[in-house]
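# Remarks on the overall topology
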Amino acid sequence: MLTKILTQGPIPRVEIARRTGLSQAAVTKAVAPLIETGFVTDQAAPADGDGQLGIGRPVSPLTVVPSSVSVIGVKVTPTSLIGVTTDFTAGILNVRHDELDSTDPEAVIEQLAGHVKALIAALKSGTAVAGPLAGIGIAVSGDVDAAHGVVRDSPLMGWRGVPVAELLGKLVRVPIVVSNDVRALTVAEHWFGAGVNADSFAVVTIGSGIGCGLYVNGEVVSGAYGVSGELGHLPLAPGDLVCTCGRRGCVETVASSDAILTRTRETTGQADLDLAGAIKLAHEGNAHAREAFDRAGEVIGAALAAMVNLVGPELVMIAGEGVAEYDLYEERMRLAFAEHAFGAAGDCRLMLRSHTFDDWARGAAATVIRSYVRGEPPLERGA
Ligand SMILES: [Zn+2]
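Residues numbered from 1 in each chain as written. Predicted model: local features only at pLDDT ≥ 70, side-chain atom pairs only at ≥ 80, totals over all residues. Heavy atoms only, no water.

## As for the overall build of the protein chain
Scanning the protein chain from N- to C-terminus turns up twelve helices and 15 strands. Computed over C-alpha atoms, the radius of gyration of the protein chain comes to 22 Å, within 12% of the 21 Å expected from 2.2 N^0.38 for 383 residues, which places it in the range of a compact globule. Counting only C-alpha atoms, the protein chain reaches 75 × 50 × 45 Å along its principal axes. Burial status across the protein chain gives 49% buried among its 383 residues. When the accessible surface of the protein chain is split by element, carbon and sulfur atoms take 52% of a total near 17,400 Å². Each charge class in the protein chain can be summarised by its mean position, and for the 30 positive and 43 negative side chains these summaries are 6 Å apart. (Helix = DSSP H or I, 4+ residues; strand = E, 2+ residues; numbered from the N terminus. Rg over C-alpha atoms; globule rule 2.2 N^0.38 Å. Buried < 20%, exposed > 50% of the residue type's maximum accessible area, 1.4 Å probe, protein only. Areas by Shrake-Rupley, 256 points an atom, 1.4 Å probe, with all protein chains shown as cover. Lys, Arg positive; Asp, Glu negative; His and termini not counted. Charge placed at Lys NZ, Arg CZ, Asp CG, Glu CD.)

## So, the coordination of the zinc ion
Around the zinc ion, the protein contributes the donor atoms His233 (ND1), Cys243 (SG), Cys245 (SG) and Cys250 (SG), at 2.0 to 2.4 Å from the metal centre. For the zinc ion, the four donor atoms in the first shell make angles of 105 to 115° at the metal, a pattern classed as tetrahedral. Mapping the donors of the zinc ion onto the primary sequence yields the spacing H-x9-C-x1-C-x4-C. Assessed through its relative accessible area of 7%, cysteine 243 is described here as buried. The class of cysteine 245 is buried, set by a relative accessible area of 17%. (Donors = N, O, S within 2.8 Å, 3.2 Å for Na, K, Ca; no water. Tetrahedral: all angles 85-135°; square planar, octahedral: opposite > 155°, others 65-115°.)

## A closer look at the sheet that holds strand 6 (residues 133-140)
If you walk across this open sheet you meet the five strands as 5-4-3-6-10, and the pairing is mixed. In this open sheet, the two strands that pair with only one neighbour each are strand 5 (92-99) and strand 10 (176-180). With strand direction ignored, the average angle separating the axes of adjacent strands in the sheet is 15°. In this structure, strand 4 (residues 80-87) lies alongside strand 5, joined through seven bridges in antiparallel fashion. Bridge pairing in strand 5 places isoleucine 82 opposite histidine 97. Each of strand 3 (70-76), strand 4, strand 5 and strand 6 touches helix 4 (residues 105-125); the most contacted strand, strand 3, lies at about 150° to it. On top of the sheet, helix 12 (residues 357-373) reaches strand 3, strand 4, strand 5, strand 6 and strand 10; it is set at about 130° to strand 3, its chief contact. (Pairing = 2+ DSSP bridges. Axes fitted to C-alpha atoms, helices over the stretch in contact; angles between N-to-C directions. Contact = heavy atoms within 4.5 Å.)

## Quick word on the packing of aromatic side chains
Each aromatic ring pair is specified by the distance between its two centres and by the angle formed by the two planes. Under the definition given, this model contains six aromatic pairs. Pairing phenylalanine 293 with tyrosine 329 gives two aromatic rings, centres 5.6 Å apart and planes at 80°, and the pair type is edge-to-face. Taken together, the positions of phenylalanine 293 in helix 10 (residues 287-311) and tyrosine 329 in helix 11 (residues 326-340) put the pair 36 residues apart, joining distant regions of the chain. There is no split in this pair, since phenylalanine 293 and tyrosine 329 are both buried. (Phe/Tyr/Trp six-rings, centres within 6.5 Å; stacked < 30°, edge-to-face > 60°.)

## Details of unusual backbone geometry
Between glycine 9 and proline 10 the backbone carries a cis peptide bond, its omega angle lying at 0°. Within the chain, alanine 90 stands out as a residue other than glycine whose phi angle is a positive 65°.

## Considering the pattern of salt bridges
Applying the stated criterion to the full structure yields 16 salt bridges. For the salt bridge of lysine 280 with glutamate 284, the shortest nitrogen-to-oxygen distance reads 3.0 Å. One exposure class covers both lysine 280 and glutamate 284, and it is exposed. Linked by salt bridges that have partners in common, Glu15, Arg18 and Arg19 make up one network. (Salt bridge = Lys/Arg side-chain N within 4 Å of Asp/Glu carboxyl O.)

No statement about biological role is implied by the geometric values presented.
Rendered as structure tokens:
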């Protein structure tokens, strides 16, 4: 019930009844405690200078009270911590970016604790009304065991078997949710973004890694073992290059931003080129740089087709930091996609979503909101 109001509100009681198949009386009964505890309201906010709230006015559709809950979300990258505080509707209240001193797990957790405490302080001193803190969401790339809050294998971070929830829980006494970063972004798109009204969709991220979050049959797919949608490690590239994961032939060996840069350095002979330089060369029409992006686009297009052929989503959002250079990938990507997509699977809508790093952190916050609304037991409340 709260999920419906949160993701589809403002929504009249009669509409909830229609969408859930419950009677209107049952809806009214279920909503009453949510209104009583302040999570939900059926009163329109008074206009400026308007005195009495609600008295003698018609009842408005149900909406969630954003300030009834606050949440923290942090995206951990190899170089920085990007954190946000949000309200109950994932509206961002505060933003904080901290550079990481190292990727050593214990050092990162210690910095993470400081980062989170600073965000809590920002919440308390902020001008916006902030509700009680429901929890902290941490998003990390790679194989994440969300049920136990453990990062099992993150090649980008160089982490194996890091019990993030347990370690952070010793330093911060708040419930913690740890997720794969792309899956967290997918939760945010499902609950608060472009995926709200889609029956099925995929979020494909391109950039330092190639990731994919899937929403099918009413759920963001986690996989039986916590791994799913690892588009970047499909063996669709030539087998001559070794991936960050240690395997050969992964999509990322050709399509990650590092792979594109390495290729451009090799073919142009400019060993000190950086990614911005490679992008500039490609935009200037340098054939070697263009070829590196073409190869990437081709493999990404094949990976997209493989995913669409397997899952058949109605919508695919292309996201990640690589979308800034989407013009350099697009043509080859679309060609390869059209070539390999089977039948009507290729009818899915491709939509470009330019997320900022703050949006990724907001995804981490959305995982906490989801867990809170569903009443899932917290992983760690701290020692
Ligand atoms: Zn790989």
